[in-house]
Amino acid sequence: MCGIVGVISKAPVNQLIYDALLLLQHRGQDAAGIVTMQGQKCFMHKARGMVRDVFRTRNMRALPGNVGLGQVRYPTAGNAYSEEEAQPFYVNAPYGIVLVHNGNLTNAHALKEELFEVDRRHINTESDTEVLINVLAHELEMAGRDLPLTPAQIFKAVATVHKRIKGSYGVIALIAGHGLLAFRDPYGIRPLCFGQAADGEVMVASESVALEGTGHTLTRDLAPGEALFIDTSGAIHTQQCAENPTLNPCMFEFVYLARPDSVMDGISVYQARLNMGETLAQRLISTIPPSEIDVVIPIPESSRPSAMQLAHRIGKPYREGFVKNRYVGRTFIMPGQSTRKKSVRQKLNAIGLEFKGRNVLLVDDSIVRGTTSKEIVQMAREAGANKVYLASAAPPVRFPNVYGIDMPTKEELIAHGRSIEEIRQFIGADALIYQDVDAMKRVVAQLRPGLNGFEASCFDGQYITGDVSAEDFATMQAQRKSQGGEEEDLPARSRLALQSGGDQ
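Residues numbered from 1 in each chain as written. Predicted model: local features only at pLDDT ≥ 70, side-chain atom pairs only at ≥ 80, totals over all residues. Heavy atoms only, no water.

Across its full length, the protein chain holds 17 helices and 21 strands. Within the protein chain, buried positions represent 61% of all 504 residues. As displayed, the protein chain has an accessible area near 18,600 Å², and 49% of this comes from carbon and sulfur atoms. (Helix = DSSP H or I, 4+ residues; strand = E, 2+ residues; numbered from the N terminus. Buried < 20%, exposed > 50% of the residue type's maximum accessible area, 1.4 Å probe, protein only. Areas by Shrake-Rupley, 256 points an atom, 1.4 Å probe, with all protein chains shown as cover.)

Quick look at the sheet that holds strand β1 (residues 3-8) now. Across the sheet, which stays open at both edges, the seven strands sit in the order β3-β2-β4-β1-β10-β9-β11 with antiparallel pairing between neighbours. Each end of this open sheet is capped by a strand with a single partner; those strands are β3 (41-48) and β11 (217-221). Recorded for the sheet is a direction-independent mean angle of 15 degrees between the axes of neighbouring strands. With eight bridges connecting them, strand β2 (residues 31-38) and β3 associate as antiparallel partners. Bridge assignment links V35 to a residue of β3, and that residue is M44. (Pairing = 2+ DSSP bridges. Axes fitted to C-alpha atoms, helices over the stretch in contact; angles between N-to-C directions.)

Moving on, we get to the packing of aromatic side chains. Evaluated as defined, the whole model comprises seven aromatic pairs. Judged by centre distance (6.2 Å) and plane angle (55 degrees), the ring pair of Y403 and Y463 falls under tilted. Of the two residues, Y403 is situated in the loop between β20 (387-392) and α14 (420-427) and Y463 in the loop between α16 (457-460) and α17 (470-483); the sequence distance between them amounts to 60 residues. Y463 carries the same exposure label as Y403, and that label is buried. Members of the aromatic cluster, each reached through a chain of ring pairs, are F252, Y256 and F459. Above the plane of the ring of F426 lies K374, whose end atom (NZ or CZ) is 4.7 Å from the centre. (Phe/Tyr/Trp six-rings, centres within 6.5 Å; stacked < 30°, edge-to-face > 60°. Lys NZ or Arg CZ within 6 Å of the ring centre and 35° of its normal.)

Taken together, the six strands give an open sheet; going across it, the order is β5-β6-β7-β8-β12-β13, and neighbouring strands pair in antiparallel fashion. Edge strands, defined here as strands with exactly one partner in the open sheet, are β5 (89-91) and β13 (236-240). Each neighbouring strand pair of the sheet contributes to a mean axis angle of 20 degrees, computed without reference to strand direction. The pairing of strand β7 (residues 167-175) with strand β8 (residues 179-184) spans six bridges and is classified as antiparallel. In the strand pairing of β8, L174 is matched with L180. Docked against the sheet, helix α5 (residues 128-144) engages β5, β6 (97-105), β7 and β8, running at close to 125 degrees with respect to β6. (Contact = heavy atoms within 4.5 Å.)

Set out below in structure tokens:
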């Protein structure tokens, strides 16, 4: 999962893209990059690290031009430690193309061989984004051969790209001297929207918060399979380029990944989390009598809306029982499991007054590995809690994700192959309550009439693209082992924990 943004304007865009990336920083902290174009010349700077650390004044001055794009990276494919694999990616032919991508191609390995043997293109990294940009470049060359590059030719190329690549993808690309192109996968798994400023400036971004925070008004989300092209004059062209598009947004965006102030595919992320809290309360009441609960406490931060609604529903006080230290590195970037456990204590501290002598209900957005949940339950006991109950606003995470979320392989998932009681014993809570999968889907879908469904494979094991095989999981697991992400002496790596108390 990454955050991407593209802008076409009549004024310099370097600062605007920087500001938008800050608003999307929650979508990736591993690396950041910006590219701008002045005429037909590209200017690029990218490196590992947070936006504020990657870009200095000297870097910003070296990014002139009125059109550009940027990305914050959260690695899900390729080498997490290689700066070469930070985005944007660039190819010089045809035209000169620069591209950023949010998602994951499930057939990247087969495409890499096809590009070399058939298209005569060489891929130099393990990144699926390099595969994607070369597929797009080849199809643009085929569509525009001996013809002026018009929006019709560009949309023809995108239609062929849809047929060749599989998986999830939100894409923004610059075509030198022609304009800005954006398109979304035919299932609408990864989010992408666009909007305009009063002066006609157009921005495309992963989340609406990037538009609103930079003075743009959200126009709409790109439809699944749709392509958007903005030429150098600022004229907007759109076309549906997929044969059978269906809208199936990623449920984990609403559970955890997106900012609560974003609206995705017409669904308020904040309202979705409130609705999850409502159904979680119903699930709780059937498990624990509310009279046995003294206080409801969220595990910061993305669980707060669900926890508030749950507390309201059962008539119990909502309290902030943990204080988050915002100046400590995120727990998921610590290199080893033992270090990760220690870092939870560095990042969260319990307020003893809210715990002492009480039966507390802790609410988290989701439970992935279970290591952080176990530590937080222990923190609550040490703070004097009489009993500690734990509720998850998401269902058990039992299956890996292959669509752009760096979800652990199944062996690392606490819920894989374990009963709720076994998970409860591992975590050490007096009771464990999970969200119901069908109820979650129902209450979020109510916010968008006509929705086809959700990509919720990590909860229900249903991979909606229909092309995920056992071989894909084996490749993913081998890649994780080759990267050695748990070794103490390797560089820090972003893992799944973007807004809440830790690595879960």
